[in-house]
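Chain by chain, the residues run as shown.
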Amino acid sequence: MLSGLERQPNDPNLLVGFDKADDAGVYRLRDDLALVQTLDFFTPIVDDPFDYGRIAALNSINDVWAMGGTPVTAMAITCFPKKGVDFEILKEIMRGGLSILTENKVALVGGHSVDNEQIMFGYSVTGVIDPNHVATNAGARPGDVIILTKPIGTGVISTGIKRATASPEVVAESIATMMTPGKYAAEAIAKYDVKGATDVTGFALLGHAWEMACASNVTIEIESTHVPLINGALELAASGMLTGADKTNREYVGDDVEISSAIDPNLVKLFYDPQTAGGLLLSIAEERANDLLGELRRDYPRAEVIGQLTERRLKAIQVI
């Protein structure tokens, strides 16, 4: 969206801007303190308005955690119709979001609403971080392995919810996955001084891995059988429960992704499936990966090493 804008004059305190498609911006205030800023909002993906608000809050806060930062304040942003929809629904959405902010000690400082037929909700979140310890999607290095903290499949399950084809068990697992906060991963980022990180959200596993590969000038080799999936997601993908982003995410990465012809096409659909409040991709030296993985699995039991990073080749992503 911002790619066509002219670059601003260089500001040495802008440590992370929009040029690398990172999760959030980082602006240095002093040698030991920087702001982390992000904004995200989206349409309902579950039926319960309270859960929708909770997921929207975590989805926004996760961008700060993905940088290794600590979220501090939030401003709500919503689109909601003035007529035709009970305002109690909006109250429940905002109550759900506030519960997550309160739980994670993030202060709600205000917000903005727009009269709109399509409901949308989310937050602009500001956090703080030591500017010497920022994890970005440009921090991956050849020889690192890449870890995914959560299973994927929330997009197809959301479509399954809308079409009443997702079972209660599948829906419950998807919600539980989205409701697992990224703060534990942020703590691990700080403890292990992880330099390469990004979260997996709207551009899907392959889109965000591609952004990391391009920003870091590496090739990421993904072992398809190592990627954790939410139970039931593969079956929903096979039955055609795709989101509109399946097509746009494929277009986004273009021909810079090479996928083995031996991989199940339905599994490939999940690799392009947009995620909400998804897991983090963490890049770390291979000799430290098992220690980091053991730490992560206390809070993310499905965390897994899904691939390796090499010197940049013809393609940014290779899936085998």
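Use the structure listed above.
Residues numbered from 1 in each chain as written. Predicted model: local features only at pLDDT ≥ 70, side-chain atom pairs only at ≥ 80, totals over all residues. Heavy atoms only, no water.

Novice: Can you help me understand the overall build of the chain in this one?
Specialist: Tallying secondary structure elements over the chain gives 10 helices and 13 strands in all. Relative to the 2.2 N^0.38 estimate, which gives 20 Å for 320 residues, the radius of gyration of the chain is 19 Å and therefore close to what a compact globule would have. The C-alpha extent of the chain, read off along each of the three principal axes, is 55 × 50 × 40 Å. For the chain, the proportion of its 320 residues judged to be buried stands at 52%. Of the side chains in the chain, 27 bear a positive and 43 a negative charge, and the two mean positions are spaced by 2 Å. (Helix = DSSP H or I, 4+ residues; strand = E, 2+ residues; numbered from the N terminus. Rg over C-alpha atoms; globule rule 2.2 N^0.38 Å. Buried < 20%, exposed > 50% of the residue type's maximum accessible area, 1.4 Å probe, protein only. Lys, Arg positive; Asp, Glu negative; His and termini not counted. Charge placed at Lys NZ, Arg CZ, Asp CG, Glu CD.)

Novice: Even after reading the chapter, I still don't get the nonpolar core, so can you show me in this structure?
Specialist: With 77 residues, the main nonpolar core has Leu205, Ile220, Ile222, Val227, Leu281 and Ile317 as its most contacted residues. Ranked by residues supplied to this core, first place goes to helix 1 (residues 49–66) with eight residues. Apart from residues lying up to four places away in sequence, isoleucine 220 is in contact with Ile146, Ala209, Met212, Ala213, Gln308, Leu309, Ala316, Ile317 and Gln318. Ranked by size, the runner-up nonpolar core spans 19 residues in total, among them Ile189, Leu282, Ile284 and Leu296. (Core = buried A, V, L, I, M, F, W, Y, C linked by side-chain atoms within 4.5 Å. Contact = heavy atoms within 4.5 Å.)

Novice: Honestly, the packing of helix 3 (residues 154–162) against helix 4 (residues 168–178) in this entry has me stumped. Any pointers?
Specialist: Packed helices, taken two at a time, are described by their axes: the angle between them and the distance between them. The contact between helix 3 and helix 4 brings their axes to 10 Å, and the two run at 135°. By the angle between their axes, helix 3 is oblique relative to helix 4. Seen along the crossing, helix 3 lies across helix 4 with a hand that is left-handed. In this structure, helix 3 uses Thr154, Ile157 and Ile161 to contact helix 4, whose residues at the interface are Val170, Val171, Ser174 and Met178. In terms of residue class, the contact of helix 3 with helix 4 is made up of five nonpolar, two polar and no charged. (Axes fitted to C-alpha atoms, helices over the stretch in contact; angles between N-to-C directions. Parallel < 35°, antiparallel > 145°, perpendicular 65-115°, else oblique. Left-handed = near helix turned anticlockwise from the far one by under 90°. Nonpolar A, V, L, I, M, F, W, Y, C, P; charged D, E, K, R; others polar.)

Novice: How should I be thinking about unusual backbone geometry in this particular structure?
Specialist: Keep in mind that most residues, glycine aside, have a negative phi and that most peptide bonds are trans. Of note in the backbone geometry, alanine 164 takes a positive phi value of approximately 60° without being a glycine. Inspection of the secondary structure assignment puts alanine 164 in the loop between helix 3 and helix 4. With a relative accessible area of 71%, alanine 164 lands in the exposed category. The backbone phi angle of aspartate 193 is positive, close to 50°, even though this residue is not glycine. Within the element layout of this structure, aspartate 193 appears in the loop between helix 5 (183–191) and strand 8 (196–199).

Novice: So what exactly am I meant to see when it comes to the sheet that holds strand 4 (residues 70–80) here?
Specialist: The strands making up a sheet are joined through hydrogen bonds of the backbone, oriented either antiparallel or parallel. Taken in spatial order, the six strands of this open sheet run 1-2-3-6-4-5, and their pairing is mixed. Two strands bound the open sheet, and with one partner strand each, they are strand 1 (14–16) and strand 5 (107–115). For this sheet the average axis-to-axis angle between neighbouring strands, irrespective of direction, equals 20°. In this structure, strand 4 lies alongside strand 5, joined through eight bridges in parallel fashion. Pairing of isoleucine 77 across the sheet is with histidine 112, part of strand 5. (Pairing = 2+ DSSP bridges.)

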